[in-house]
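Next come the chains, spelled out residue by residue.
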Amino acid sequence: MREQIKEVASVATYAAWNLQDWDRFKRFTKQLDKHPYEKYFFNAVLEIKFPSKPGNYEAALKYIDNARTHLDTKITSLLGESYNRAYKQI
């Protein structure tokens, strides 16, 4: 059951975001393991929507930088293999 939740966590997180169901959004974000950059991105969204310290967006910026770093490495390696594979990730 736990593996099934992890498999659909990405789609469920997007759905919760679109429905503005922030409790489920938080819960599904915690389950993301398959794509770490998504977890960083969604945590940045949470920090913007519900900052740990009011008016402090440094945590969100940290998550965004982590997502960029992760994607940069991944996309660079994909570009070496095939432009089409890298394009899909972007």
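Structure report, in brief.

Turning our eyes to something else, we now look at helix H3 (residues 36-49). Compared with an ideal rise of 1.5 Å per residue, which puts 14 residues at 20 Å, H3 spans 20 Å between its outermost C-alpha atoms and is within 8% of the ideal. Inspection of H3 places Tyr-37, Glu-38, Phe-42, Asn-43, Ala-44, Val-45, Leu-46 and Glu-47 among the buried residues, and these make up the whole buried set.

Let us look at the nonpolar core. Ranked by size, the top nonpolar core spans 10 residues in total: Ala-9, Ala-12, Ala-16, Trp-22, Phe-25, Phe-28, Leu-32, Phe-42, Val-45 and Leu-46. Contributing elements (two or more residues each) for this core: helix H1 (2-18), helix H2 (22-31) and H3. Those residues in contact with Val-45, other than ones at most four positions away along the chain, are Trp-17, Trp-22 and Phe-25.

Going through the model one piece at a time under the given rule, you end up with eight aromatic pairs. Taken together, a centroid distance of 5.4 Å and an interplanar angle of 75 degrees make the contact between Trp-22 and Phe-25 edge-to-face. Remark: Phe-25 and Trp-22 occur in helix H2; sequence separation between them is three residues, near one turn of the helix. For the pair shown, Trp-22 and Phe-25 are each scored as buried. In this structure an aromatic cluster arises from ring pairing among Tyr-14, Trp-17, Trp-22, Phe-25, Phe-41, Phe-42 and Phe-50. In this structure, Lys-26 packs its charged tip against the face of Phe-50, placed 4.4 Å from the ring centre.

The rules we used
- Residues numbered from 1 in each chain as written.
- Predicted model: local features only at pLDDT ≥ 70, side-chain atom pairs only at ≥ 80, totals over all residues.
- Heavy atoms only, no water.
- Helix = DSSP H or I, 4+ residues; strand = E, 2+ residues; numbered from the N terminus.
- Expected span 1.5 Å × (residues − 1).
- Buried < 20%, exposed > 50% of the residue type's maximum accessible area, 1.4 Å probe, protein only.
- Core = buried A, V, L, I, M, F, W, Y, C linked by side-chain atoms within 4.5 Å.
- Contact = heavy atoms within 4.5 Å.
- Phe/Tyr/Trp six-rings, centres within 6.5 Å; stacked < 30°, edge-to-face > 60°.
- Lys NZ or Arg CZ within 6 Å of the ring centre and 35° of its normal.

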